[in-house]
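An overview of the molecular structure
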Amino acid sequence: MIELKDVCKVYGGSYTRKEALNKVSLKLPQGEIVGLFGENGAGKTTLMKCILGYLKYDGEITLDGEPITTKNIARISFATNEHSFFPGLTAKGHAEFYAEHFPKFSEKRFKALMDFFELSYNAPIRHFSTGQKNQFEVIMAMCQGADYILMDEPFAGNDVFNREDFYKVLLGILEPHETVILSTHLLEEVENFIGRAVLLHNGRIVGDVTTTELEESGRTLMDYVKETYNYRSDRVVKVLRELSDTEKGN
Amino acid sequence: MRRIFDEWVVTNPFAGWERRQKEEDNARWEQTKKRWKAFEAWCGSKIDRMTPPGFQWMPILNWTIAGLLGCSVISTFRFLARYGRGWRSMLVSAMGEQSAGPYWTGKKWEYRAAYVYDKVIAEGATLPSFSGMMSGIMNLFVYLMIVLLLLSALHYLYFYHESKSIYLMKRLPNRMEIHRRSLAFPMTLIAVCMVTVLLLVAIYFEIYHLLVPARCVEPGQLARFLREGIFNMWRGDGL
């Protein structure tokens, strides 16, 4: 289980101080598919980067009670829309590199996914289209052999069919011990795919609910998000009415 | 007629000798090419592991080899020029044999006495020290090595270029991998530069001693070079 205790992260100096994470405490047990939601700048990416140790933070993050170090970092993989592959290296080269560094790298899964998405083994990744690059990024994260797969808006730039394919494949190939933490804005698309939703707002966790709980209460994920964020749908109507009144007055 | 010819071909031990020789040569050449390719692949795989994954190191290697050759040629020319100047500084003109012969004055031929002057090594003359001669000779190698050091910085930057592969490097169980991939290749090339410099110094030292009589060389040249010259040869005033 990944556990975060009072994690705080502040960007900038004394004048440009911005609290990206404010006392975030969260437990992510193995075998869950967790959706991480929030507006831009809510702290989703920062949270993932803190888990991976890319950013310094205050508080405590542990993996099965142990701090995350080189000893257990291989248990976490990361797919990001910034892409973490080597652009000049081929897919085959990536597989070799992963196999060398991650003992649990799944060659079988890699081949299956590469064939499914019809990606080239021998072309450098920089020659792939944006959608293919995203696919490849997720494939590598899935094949690393990690127990926790962090995905930070991995489908940005992919078309709807592509994303649909991916959700299906993900559900099909994930093993019971594998955990996916997926940060995305595509609420409705992932609603049926995730088991739990964590909502972030201004660096704080403002909502944490399982999809079973949502079903029982008869609400959709979108309803829950709107409730939590105190979204006022009448705001748009009000603005439009004001605008039309002004035009009539003129 | 045909039958007779065939028999001749079979029985003649020299028949087809040229063709067989050609085939053997071709086979040998193919084998050499195969071995060379295997060696190239082996070297390539070794260098691949010393550079950031997917980095195109071949142009860097070619430029470094060209740089090494260029630096070696220039420093050799410099050394030989200094050596030649040193040699000339030891020589004095000495009157040689007297002879006589016709001499054209511009208007008419006259019979005059003439002397042949020889260049000889002056009494007690010595060649300038090897250490002094080497001062600044290798400064171009310093620039080459600085460029190679910058290459390691380029390797680190590669992990931020086009993608953020730094994220992958940072979550490898082996944290030293990023440094190995960034530093190993430039450091190896710098080591090759140093070995080349050492070889050149050894060759120059041999040349220094080889072409002059032993009496013209002050003793203790190597000790002096190791004391001073080994630092001075990198100086920037070599030109």
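This one's a predicted model, so the numbers in the text were calculated from it and none came from an experiment.

Notes on the overall build of chain B
Scanning chain B from terminus to terminus reveals 8 helices and 2 strands. For chain B, the α and β elements follow one another from N to C terminus as α-α-α-β-β-α-α-α-α-α. On C-alpha atoms alone, chain B measures out to a radius of gyration of 31 Å, which is more than a quarter above the 18 Å that the 2.2 N^0.38 rule sets for 239 residues. The proportion of buried residues among the 239 residues of chain B is 33%. Considering only contacts in chain B between residues 6 or more positions apart, those separated by 24 or more positions represent 76%. Counting only carbon and sulfur atoms, one obtains 66% of the accessible surface of chain B, whose full area is about 15800 Å². For chain B, the separation between the mean place of its 30 positive charges and that of its 19 negative charges on side chains is 8 Å.

Digging into the overall build of chain A
From N to C terminus, chain A includes 9 helices and 10 strands. The dimensions of chain A, computed from C-alpha atoms along their principal axes, are 70 × 45 × 40 Å. Going through the 250 residues of chain A one by one, you find that 48% of them count as buried. If you take every contact in chain A between residues at least 6 apart in sequence, the share linking residues at least 24 apart comes to 69%. As displayed, chain A has an accessible area near 12400 Å², and 49% of this comes from carbon and sulfur atoms. In chain A, the 29 positive side-chain charges and the 37 negative ones have mean positions that sit 5 Å from each other.

Some details on the interface of chain A and chain B
Contacts between the two partners involve 25 residues from chain A and, on the opposite side, 21 residues from chain B. For the pairing of chain A and chain B, the buried interface totals around 2100 Å² over both sides, and the portion due to carbon and sulfur atoms is 60%. Here chain A is connected to chain B by 3 salt bridges. For the pair chain A and chain B, the number of links is 11 residue pairs in polar contact (both at pLDDT 80 or more). Elements with a contribution of two residues or more to the side of chain A that touches chain B: helix H1 (44–52), strand S6 (76–80) and helix H2 (91–101) of chain A.

Describing the nonpolar core
Formed by 120 residues in total, the largest nonpolar core has its most connected members in Phe110 and Phe136 of chain A together with Met134 and Met138 of chain B. At 11 residues, helix H7 (residues 177–210) of chain B tops the list of elements feeding residues into this core. Sequence-distant contacts of methionine 134 of chain B, that is, excluding residues within four places in its chain, are made with Phe79, Arg82, Val201, Tyr204, Phe225 and Met233 of chain B.

With respect to unusual backbone geometry
Positioned with a positive phi, glutamate 118 of chain A is a non-glycine residue whose angle comes to about 55°. Relative to the elements of secondary structure, glutamate 118 of chain A occurs in the loop between helix H3 (107–116) and helix H4 (130–143). Of the residues examined, glutamate 118 of chain A reaches a relative accessible area of 69% and is grouped as exposed. Positive phi is not limited to glycine here, since glutamate 162 of chain B has a value of about 70°.

Side note on the side chain of glutamine 135 of chain A
Residues and elements named next belong to chain A. Among the structural elements, glutamine 135 can be located in helix H4. Classification of glutamine 135 by relative accessible area gives buried; the value is 5%. Contacts of glutamine 135, omitting those with residues within four sequence positions, involve Phe117, Leu119, Asn158, Asn162 and Phe166.

Some details on the sheet that holds strand S2 (residues 18–28) of chain A
Residue and element names in this part refer to chain A. As summarised here, the arrangement of the 4 strands in space is S2-S1-S4-S5, forming an open sheet in which the pairing is antiparallel. Sheet topology places S2 and strand S5 (66–67) at the edges, where each strand pairs with a single neighbour. Of the strand pairs in this sheet, strand S1 (residues 2–11) and S2 are connected by 7 bridges, and their pairing is antiparallel. Opposite isoleucine 2, over in S2, you have leucine 28 as the bridge partner.

Some words on H3 of chain A
Residue and element names in this part refer to chain A. If you check which residues of H3 are buried, you get Arg109, Phe110, Leu113 and Met114. Taken end-on, H3 shows its buried residues confined to a sector of 130°, consistent with a single buried face. Contact partners of the buried residues in H3: H2, H4 and helix H5 (160–173). A positive phi of about 55° marks glutamate 118, the residue just after H3.

With respect to the packing of H7 of chain B against helix H8 (residues 221–232) of chain B
Residues and elements named next belong to chain B. Put simply, H7 and H8 touch, their axes get as near as 12 Å, and they point 145° apart. In this structure, the crossing between H7 and H8 has a hand that is right-handed. Between H7, through Val201, Phe205, Tyr208 and His209, and H8, the contact on the second element is made entirely by Gln221, Leu222 and Phe225. When grouped by side-chain class, the residues that make up the contact of H7 with H8 number 5 nonpolar, 2 polar and no charged.

A closer look at helix H8 (residues 221–228) of chain A
Residue and element names in this part refer to chain A. Those residues of H8 lying buried are Leu221, Tyr224 and Val225. Across the axial projection of H8, the buried residues extend over an arc of 100°, all falling on one side. Buried positions along H8 lie against strand S3 (33–37), helix H6 (187–190), strand S9 (196–201), strand S10 (204–210) and helix H7 (211–217). Phi turns positive one or two residues past the end of H8, at asparagine 230, with a value near 55°.

Focus: the pairing of strand S4 (residues 58–63) of chain A
Residues and elements named next belong to chain A. As paired elements, S1 and S4 share 5 bridges and run antiparallel to each other. Counted as the bridge partner of lysine 5 is glutamate 60 from S4. Across 2 bridges, the pairing between S4 and S5 is antiparallel. Within S5, the position partnered with threonine 62 by the bridge is proline 67. Connecting the antiparallel pair S4 and S5 is a turn made up of 2 residues, with aspartate 64 showing a positive phi of about 50°.

Here we look at the pattern of salt bridges
For the coordinates displayed, the defined rule picks out 22 salt bridges over all chains. Among the salt bridges present, the one from glutamate 24 of chain B reaches arginine 28 of chain B, with a minimum N-O distance of 3.9 Å. Placement of the pair is glutamate 24 of chain B and arginine 28 of chain B together in helix H2 (residues 17–48), with a separation of 4 residues, close to one helical turn. Arginine 224 of chain B is the salt-bridge partner of glutamate 228 of chain B, the closest N and O atoms lying 3.6 Å from each other. Of this pair, glutamate 228 of chain B and arginine 224 of chain B both sit in helix H8, separated by 4 residues, roughly a single helical turn. Here glutamate 228 of chain B falls in the partly exposed class, since its relative accessible area comes to 32%. Look at arginine 224 of chain B and you get partly exposed, because its relative accessible area is 30%. Taken together, the salt bridges that share partners define one network made up of Glu32, Arg196 and Asp208 of chain A.

Thresholds, definitions, all that
- Residues numbered from 1 in each chain as written.
- Chains lettered and ligands numbered in written order.
- Predicted model: local features only at pLDDT ≥ 70, side-chain atom pairs only at ≥ 80, totals over all residues.
- Heavy atoms only, no water.
- Helix = DSSP H or I, 4+ residues; strand = E, 2+ residues; numbered from the N terminus.
- Rg over C-alpha atoms; globule rule 2.2 N^0.38 Å.
- Buried < 20%, exposed > 50% of the residue type's maximum accessible area, 1.4 Å probe, protein only.
- Contact = heavy atoms within 4.5 Å.
- Areas by Shrake-Rupley, 256 points an atom, 1.4 Å probe, with all protein chains shown as cover.
- Lys, Arg positive; Asp, Glu negative; His and termini not counted.
- Charge placed at Lys NZ, Arg CZ, Asp CG, Glu CD.
- Buried area = accessible area lost by both parts, 1.4 Å probe.
- Salt bridge = Lys/Arg side-chain N within 4 Å of Asp/Glu carboxyl O.
- Polar contact = N/O pair within 3.5 Å; in protein donor to acceptor, adjacent residues only side chain to side chain.
- Core = buried A, V, L, I, M, F, W, Y, C linked by side-chain atoms within 4.5 Å.
- Pairing = 2+ DSSP bridges.
- Arc of directions from axis to C-beta.
- Axes fitted to C-alpha atoms, helices over the stretch in contact; angles between N-to-C directions.
- Left-handed = near helix turned anticlockwise from the far one by under 90°.
- Nonpolar A, V, L, I, M, F, W, Y, C, P; charged D, E, K, R; others polar.

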